[in-house]
Amino acid sequence: MKNILITGGAGFIGSHVIRRFVNKYPDYKIYNLDKLTYAGNLENLTDIEKAENYEFIKGDIVDSKFIDKLFAEKKFDAVIHLAAESHVDRSITDPMAFINTNIIGTVNLLNAAKNIWKDNYEGKLFYHISTDEVYGSLGKEGLFLETTAYDPKSPYSASKASSDHLVRAYHNTYKLPVVITNCSNNYGPNQFPEKLIPLSINNIKNNKPIPIYGKGENIRDWLYVEDHASAIDTVFHNGNAGETYNIGGKNEWKNIDLIKVLCKVMDRQLGRKEGDSEKLITFVKDRAGHDMRYAINCSKIENELGWQPSVQFEEGIDKTVRWYLDNEEWLKNIISGDYEKYYRKQYS
Ligand code: NAD
Ligand code: TYD
């Protein structure tokens, strides 16, 4: 039995990774360590919470004493580290939460792994989940490669870049077996409705304005969340220690075009007249320092590890809308007083 620690498993991507690993690998004991911040939600995991090979642990990766004790007790063989503060807009208003969790939290995990593994790295792995945003912003041409120089522009991406550097430094200095993946924007079920797609779905459903920053010209490369989970599975089992792999959807969309597609899907699924939802599009003040374009070249993971994105955007967006419409209770439960406060401050 392998003991695997997955951090941030109650969040959006983490919950899909936990479900996949718990169901697919009965020989692994999966520990989900999560602080349950506003973004963490155990309702994401009700279907597997009673599985014998699953255990939830509530805790904060910033608390080094707690982390050291936990590692000493559970003797993890591997770590898949997803816990993070993940929303760019929040990083602009409250950067310190990002510095603490994304940088200090990551170093605490690195130290704890290094201390319990004590140079005996056979069968051990520290897998750090990162973002394409560390590479900065592209113009009209080009794609991010694993060798692209880091140029993060927001407090969020700078904190993730910093954690990536530390993970690589622990590999170089202490030979800790690490692997890093940098992934493009994810979408799909269970994403907190502060991010573009679920926020827009929720607003369209409630006939509220869809806030588009600036002119909606910014471009993102969208990947269905289960494809990210399958990439993480592939890299965890077949990736080479010390390596970095980019993960992307080969699916670039201008924000405004993506929202128009989403409006059409919503019209269809809600039984509205085509064009009704589009009327809700509202251009609002641009995000400070808004990165223009992200796009990933993922040929390394395709060629070396045989992973490919499998869900077409039309299918993925259809499934995503269906999930949000079918899971009103989930949405209602996470849209707390705190969310309303955040929303008013951000979009007033
Ligand atoms: P999320 O915000 O939905 O979830 C983050 C989870 O981490 C939550 O469950 C939260 O409770 C937990 N957490 C936060 N601070 C913690 C702390 N101090 N201690 C323990 N747990 C804590 O994020 P997500 O979108 O699922 O992203 C997961 C990871 O993937 C992040 O590292 C993010 O940088 C990376 N990533 C996200 C995307 C994306 O499009 N969402 C793309 C590429 C990479
Ligand atoms: P987001 O989902 O926050 O992801 P990221 O900033 O990590 O790429 O935003 C995706 C894109 O959508 C980004 O260009 C910002 C834009 N956006 C809006 O236009 N309006 C919004 O209300 C939000 C949340 C994002």
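What counts and how
- Residues numbered from 1 in each chain as written.
- Chains lettered and ligands numbered in written order.
- Predicted model: local features only at pLDDT ≥ 70, side-chain atom pairs only at ≥ 80, totals over all residues.
- Heavy atoms only, no water.
- Core = buried A, V, L, I, M, F, W, Y, C linked by side-chain atoms within 4.5 Å.
- Buried < 20%, exposed > 50% of the residue type's maximum accessible area, 1.4 Å probe, protein only.
- Near = heavy atom within 4 Å.
- Polar contact = N/O pair within 3.5 Å; in protein donor to acceptor, adjacent residues only side chain to side chain.
- Areas by Shrake-Rupley, 256 points an atom, 1.4 Å probe, with all protein chains shown as cover.
- Helix = DSSP H or I, 4+ residues; strand = E, 2+ residues; numbered from the N terminus.
- Pairing = 2+ DSSP bridges.
- Axes fitted to C-alpha atoms, helices over the stretch in contact; angles between N-to-C directions.
- Contact = heavy atoms within 4.5 Å.
- Nonpolar A, V, L, I, M, F, W, Y, C, P; charged D, E, K, R; others polar.
- Right-handed = clockwise from strand over helix to strand, strands pointing away.
- Phe/Tyr/Trp six-rings, centres within 6.5 Å; stacked < 30°, edge-to-face > 60°.
- Lys NZ or Arg CZ within 6 Å of the ring centre and 35° of its normal.

1. Things to note about the nonpolar core
Across soluble globular proteins, you tend to see nonpolar side chains buried next to one another.
Consideration 1: Membership of the largest hydrophobic core comes to 44 residues, with the highest contact counts inside it found for I80, Y127, F236 and I301.
Consideration 2: Within the second largest apolar cluster, 33 residues are counted, among which are L258, F313, L325 and L331.

2. Some remarks on the site of ligand 2
Consideration 1: Inspection of the region around ligand 2 gives 18 residues, with E133, R220, R287, H290 and Y347 positioned closest.
Consideration 2: Interatomic distance of 2.9 Å between a backbone N/O atom of L196 and an oxygen atom of ligand 2.
Consideration 3: Separating a nitrogen atom of ligand 2 from a backbone N or O atom of P211 is a distance of 2.8 Å.
Consideration 4: About the coverage of ligand 2: the protein hides 97% of its 510 Å² of free accessible area.
Consideration 5: Broken down by secondary-structure element, the contributors of at least two residues to the shell around ligand 2 are helix 3 (88-93) and strand 8 (210-213).

3. Some points on the sheet that holds strand 4 (residues 78-81)
Consideration 1: With parallel pairing, the seven strands of this open sheet are ordered in space as 3-2-1-4-5-6-10. Each having just a single partner strand, strand 3 (54-58) and strand 10 (244-247) make up the two edges of the open sheet. Within this sheet the neighbouring strands show an average axis-to-axis angle of 20 degrees, counted without direction.
Consideration 2: Here six bridges tie strand 1 (residues 2-7) to strand 2 (residues 28-34), and the two strands are oriented parallel to one another. Across the sheet, residue I4 finds its bridge partner in strand 2, namely I30.
Consideration 3: Together, strand 1, strand 2, strand 3 and strand 4 form the strand contacts of helix 2 (residues 64-74), whose direction differs from that of strand 3 by roughly 160 degrees.
Consideration 4: Together, strand 5 (125-131), strand 6 (178-183) and strand 10 form the strand contacts of helix 5 (residues 155-174), whose direction differs from that of strand 5 by roughly 155 degrees.

4. Some points on the pairing of strand 4
Consideration 1: Going residue by residue along strand 4, you find A78 and I80 tucked away on one face and V79 and H81 tucked away on the opposite face as well.
Consideration 2: Relative to strand 4, strand 1 runs parallel, the two being bridged by four bridges. Looking at the pairing, L5 lines up with V79 of strand 4.
Consideration 3: Looking at chain direction, strand 4 and strand 5 are connected through four bridges and run parallel. Directly across from I80, in strand 5, lies its bridge partner Y127.

5. Re the site of ligand 1
Consideration 1: In the neighbourhood of ligand 1, 28 residues make up the surrounding shell, with I13, D34, S86, Y156 and K160 lying closest.
Consideration 2: Between ligand 1 and F12 there is a distance of 3.0 Å, counted from an oxygen atom to a backbone nitrogen or oxygen.
Consideration 3: For ligand 1, an oxygen atom lies 3.5 Å from a polar atom in the backbone of L36.
Consideration 4: Taken by itself ligand 1 offers 840 Å² of open surface, and the protein chains cover 97% of this.
Consideration 5: Of all the elements, strand 5 adds the most residues to the shell around ligand 1, at three residues.
Consideration 6: When its residues are assigned to classes, the shell around ligand 1 shows 12 nonpolar, 12 polar and four charged.

6. Re the pairing of strand 5
Consideration 1: For strand 5, the tally of buried residues reaches seven of seven residues, placing the bulk of the element in the interior.
Consideration 2: Side chains L125, Y127, I129 and T131 of strand 5 all project onto a buried face; the interleaved residues F126, H128 and S130 project onto the opposite face, where all are buried too.
Consideration 3: Looking at chain direction, strand 5 and strand 6 are connected through six bridges and run parallel. Bridge pairing links I129 to T181 in strand 6.
Consideration 4: After leaving strand 5, the chain enters helix 5 and then returns to the sheet as strand 6, a path that is right-handed.

7. What to know about the packing of aromatic side chains
Consideration 1: Tallied over the entire structure, the rule returns 23 aromatic pairs.
Consideration 2: Ring plane angle 85 degrees and centroid distance 5.0 Å describe the contact between F71 and F76, whose orientation is recorded as edge-to-face.
Consideration 3: Accessibility expressed as a relative area gives 0% for F71, which makes it buried.
Consideration 4: Measuring from centroid to centroid gives 5.0 Å for W323 and W330, while their planes differ by 75 degrees, and the two rings are edge-to-face. The same class applies to W323 and to W330, which are both buried.
Consideration 5: Site record: aromatic cluster; members linked through ring pairs are Y38, F192, Y213, Y339, Y343 and Y347.
Consideration 6: Above the face of the Y342 ring, R90 is positioned so that its terminal group lies 4.2 Å from the ring centre.
Consideration 7: Seen from the ring of Y245, K300 lies directly overhead, with NZ or CZ sitting 4.9 Å from the centre.

8. What to know about the side chain of N41
Consideration 1: By the secondary structure assignment, N41 is in the loop between strand 2 and strand 3.
Consideration 2: Reaching out from N41, the side chain makes a polar contact with the backbone nitrogen of E43 at a distance of 3.0 Å.
Consideration 3: Excluding residues within four positions of it along the chain, N41 makes contact with A10, L36, W330 and I334.

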